[in-house]
Structures are given as C-alpha cells and as structure tokens.
Amino acid sequence: LIADSVPANKRATALGTFSMGVPIGSLAGLVLGGIVAQSYGWRAAFMVAGAPGVLLALIAFATLRDPRPSGTATDRSNLMPLSAVLAQLRRQPAFWWLGAGSALTAFVGYGQQAFYVSFFLRNYTPELTAAAEQIGFAGPLAFVGVALGIVLGVSGGIGTLIGGRLGDRYAGKEPGGYAMVACLSMLIAGPLLAAVFFMGSGLAILGLLAVPLLFKNMWFGPVFAAIQGMIPQRSRSTATAIFLFVLNAGGLGLGALLTGAISDLFATSYGPAEGVRYALFATSLISFLSAACFWRAAVARRRGRRSPRRSAAWSATSTS
C-alpha cells in the first residue's frame, strides 16, 4: 500500500516512517508493561499490551482504502501465482541476500530485547533499585521498563527516519544504495553494541544503548524500499510476504531461543548474571554477518541493473 502511495524516490523515507511503529511500540510496551507488571503482575501486562490491537484493527477496517486505481485490486487476471513469483525471485539474488541480512538483524534485535530486563535485574538490581527510589518508582522492574522503553523508542525512531532519508539519497546515486545504507549501519552498530554491555554501570549501559540501537534501526526503510523496487506491482504483496517469512523465521523464530541457549551455555562457567551478558555480547557480533549479507545484496543489485536479460525478464513478467 505504501509503495503504491508515494513516489519511488521517497519510498525509503515513507517506509522508514512506517517502521517507526516498531520502536514506538517497544517504547509503549516496555514503559506500560514495566509499570503494570510491577504493580499488577505479568499477566495484566500482557493484557494491556494486546488490547490496543483490537482498537487499531477496527480503525484500519473503517479508514484504510486501497490507493490503486479502481478495479486493479479486484482484477484476478493481474495476479501472479505463487510459483511464478518464486520463479522470478530465484533470478533475484539481491532479494535473498536482503532477506538473510534482515533475518540476522532481526535475530540480534528480537533475541537481545527478550533478555534486556533479565540482564539489568541480574547484574545491577541494587543500583537500579536506588535509582527507582530516587525518582519514585515502585521498584527496579518499572524503572528498567520505562528507561528501556524510552531508549529503544527514541533512538530506534530516530534511526528509522535517518535510515529512510539516507536510503532515498544514496539509492538515486547507485543501484545498491539502499543495501549499502543497511550494510554500513550494521557495521557501525555491531562493535558499539558488543562493547556497551561491559560498561561498569547499569545506568551508563542504559544510556549508551541509545547509540548502537540508533544505527541498528536504520535498515528498515532502505531494505523495504529495495524489496519494493525490485518487484513488479502485481506480485509485491506475495514477494513481501515471502520476505517477511524469512525475516521472522530468523528473528522471532530463533532470536530469543538461541540467545537463551547461549546464555545458559555461558552460565555454566560464569554464572547466570554474567551468562546473559556474554550472550548479549555474542549475539551483537551477528551484526557483522548481517552487514556482509547487505553488502552482497548491493553487489547483486548492481550486477542485476547491468544485466539487460534479467531486466527484460522482469518487464515481460509484469506486463504479460
């Protein structure tokens, strides 16, 4: 819907703005979740987190309209079968490299976010309890939830906006510009994220997390814009669904699971508190693999633009 609503040269900015929902949702979920969980328990926090979805579903049903010309949305003759979409995507290596890079990035993000609270409470409870009492919070859980929510929400939101704008700027200069913005952002985020968990103070870590998280969230707009730009309109939804399946299988499916397994592995030698610290450090290094995948996507995109046969195949498919 967004790709059909904005010009191609503004697509990454629009999709970056849309992707602000991820850090803003993290902000709201952690802030409200921490306060509610501290006061009423974790079950109540889950209910508070889920309730807005019902309201938003009703708003979307009542207000969202298809931006495409009348008739195109319901004309099934324009639809490509799944087998044809997959056949075309097999000739687009940049698509799969972007999917791999996004899955690895989501692996880091979802995996670490699931253990941030445990990390702080296991290692810095006295410090955070004192800070919570000074501000007037009910306990360290509420304080950590609010602090993490602000850090993730503000830095992540700024990162998605900057990434979208940079993506549109550099995509106009070279075919692989979108992917290179994502590549460089992960190259910067990786070492900063790995180092921050070894800062001496829990409060210092909370504050300094904002820097690597800003860079780590810059990939959203450029990558989604790159995906939309290499796929014919009639098959965008199907191809995007395939991309999101790859992303979520690696991120939501494996992120928290393997991060927890790594934490348990380190805990046998260093204890549970240090185990989660080293797990967060280890998963931060996955950012370098993500950057490598985005770089390969940029290279593949440049080669694809120079290949008239591949461009002609896409053009024929989108018009036949």
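Placed above this text is the structure.
Throughout what follows, the structure given in this document is the object of discussion.

Calculation criteria
Residues numbered from 1 in each chain as written. Predicted model: local features only at pLDDT ≥ 70, side-chain atom pairs only at ≥ 80, totals over all residues. Heavy atoms only, no water. Helix = DSSP H or I, 4+ residues; strand = E, 2+ residues; numbered from the N terminus. Contact = heavy atoms within 4.5 Å. Areas by Shrake-Rupley, 256 points an atom, 1.4 Å probe, with all protein chains shown as cover. Lys, Arg positive; Asp, Glu negative; His and termini not counted. Charge placed at Lys NZ, Arg CZ, Asp CG, Glu CD. Salt bridge = Lys/Arg side-chain N within 4 Å of Asp/Glu carboxyl O. Buried < 20%, exposed > 50% of the residue type's maximum accessible area, 1.4 Å probe, protein only. Axes fitted to C-alpha atoms, helices over the stretch in contact; angles between N-to-C directions. Left-handed = near helix turned anticlockwise from the far one by under 90°. Nonpolar A, V, L, I, M, F, W, Y, C, P; charged D, E, K, R; others polar. Core = buried A, V, L, I, M, F, W, Y, C linked by side-chain atoms within 4.5 Å. Polar contact = N/O pair within 3.5 Å; in protein donor to acceptor, adjacent residues only side chain to side chain. Phe/Tyr/Trp six-rings, centres within 6.5 Å; stacked < 30°, edge-to-face > 60°.

### Comments concerning the overall build of the chain
Part 1: Counting secondary structure elements, the chain contains 16 helices and 0 strands.
Part 2: Pairs at least 24 residues apart make up 80% of the contacts formed inside the chain by residues separated by at least 6 positions.
Part 3: For the chain, the exposed area adds up to about 15,600 Å²; of that, 67% sits on carbon and sulfur atoms.
Part 4: Between the mean site of the 24 positive side-chain charges and the mean site of the 9 negative ones, the chain shows a separation of 15 Å.

### Details of the pattern of salt bridges
Part 1: Applying the stated criterion across every chain, the model contains 2 salt bridges.
Part 2: Its salt-bridge partner being Glu174, residue Arg302 comes within 2.7 Å of it at the nearest N-O pair. One end of the pair, Arg302, is in helix α15 (residues 286-306); the other, Glu174, is in the loop between α8 (140-171) and α9 (177-196), with 128 residues separating them in the sequence.
Part 3: Glu274 serves as the salt-bridge partner of Arg277, at 3.0 Å between the closest nitrogen and oxygen. Of this pair, Arg277 and Glu274 both sit in helix α14 (residues 255-284), 3 residues apart, roughly one helical turn.

### Quick word on the environment of Gly172
Part 1: Tracing the backbone shows Gly172 in the loop between α8 and α9.
Part 2: Residue Gly172 is classed as exposed on the basis of its relative accessible area of 68%.
Part 3: C-alpha separation for the pair Gly172 and Asn9, spaced 163 residues apart in sequence, amounts to 7.3 Å.

### A look at the packing of helix α3 (residues 21-40) against helix α4 (residues 42-63)
Each pair of packed helices can be described by the angle between their axes along with the distance between the axes.
Part 1: Viewed as axis vectors pointing N to C, α3 and α4 meet at an angle of 145 degrees, and their least axial separation amounts to 7 Å. Judged by the twist between their axes, the crossing of α3 over α4 is right-handed. Packed against α3, whose contacting residues are Gly33, Val36, Ala37 and Tyr40, the element α4 presents Trp42, Ala44, Ala45 and Val48 at the interface.
Part 2: Classifying every residue of the contact of α3 with α4 gives 7 nonpolar, 1 polar and no charged.

### Concerning the nonpolar core
Part 1: Core analysis: the largest hydrophobic core is formed by 33 residues, its most contacted members being Phe95, Leu98, Trp219, Val223, Phe243 and Phe294.
Part 2: Listing elements by their share of this core, those giving two or more residues are α2 (11-19), α5 (82-89), α6 (93-113), α9, α12 (220-229), α13 (236-250) and α15.
Part 3: Not counting residues up to four positions away in its chain, the partners in contact with Val223 are Leu98, Ser102, Ala182, Phe243 and Phe294.
Part 4: One finds Phe107, Ala132, Leu206 and Leu280 within the second-largest nonpolar core, a separate group that totals 27 residues.

### Section: the side chain of Gln112
Part 1: Checked against the element boundaries, Gln112 lands in helix α6.
Part 2: Take Gln112: its relative accessible area is 0%, and that puts it in the buried class.
Part 3: Beyond its immediate sequence surroundings of up to four residues, Gln112 is in contact with Phe107, Leu193, Phe197, Thr259, Leu280, Thr283 and Ser284.

### Details of the environment of Arg277
Part 1: For Arg277, a relative accessible area of 8% corresponds to the buried category.
Part 2: When the C-alpha positions of Arg277 and Phe197 are compared, they lie 6.5 Å apart, and in sequence the two are 80 residues distant.
Part 3: In contact with Arg277, not counting residues within four places along its chain, are Phe119, Asn123, Tyr124, Phe197 and Phe198.
Part 4: Separated by 2.6 Å, the side chain of Arg277 and the backbone oxygen of Phe197 make a polar contact.

### Regarding the packing of aromatic side chains
Part 1: Summed over the entire model, instances satisfying the criterion amount to 15 aromatic pairs.
Part 2: Ring geometry for Phe119 versus Phe120: centroids 5.0 Å apart, planes at 70 degrees, classification edge-to-face. Across this residue pair, the class does not change: Phe119 and Phe120 are buried.
Part 3: Note on Phe119 and Tyr124: the rings are 5.8 Å apart at their centroids and 70 degrees apart in plane angle, and the pair reads as edge-to-face.
Part 4: Since its relative accessible area comes to 0%, Phe119 is described here as buried.
Part 5: Look at Tyr124 and you get buried, because its relative accessible area is 8%.
Part 6: By the ring-pair criterion, three or more aromatic residues cluster together here, those being Phe95, Trp96, Trp219, Phe220, Phe224 and Phe243.

All quantities given are derived from atomic positions and should not be read as evidence of function.
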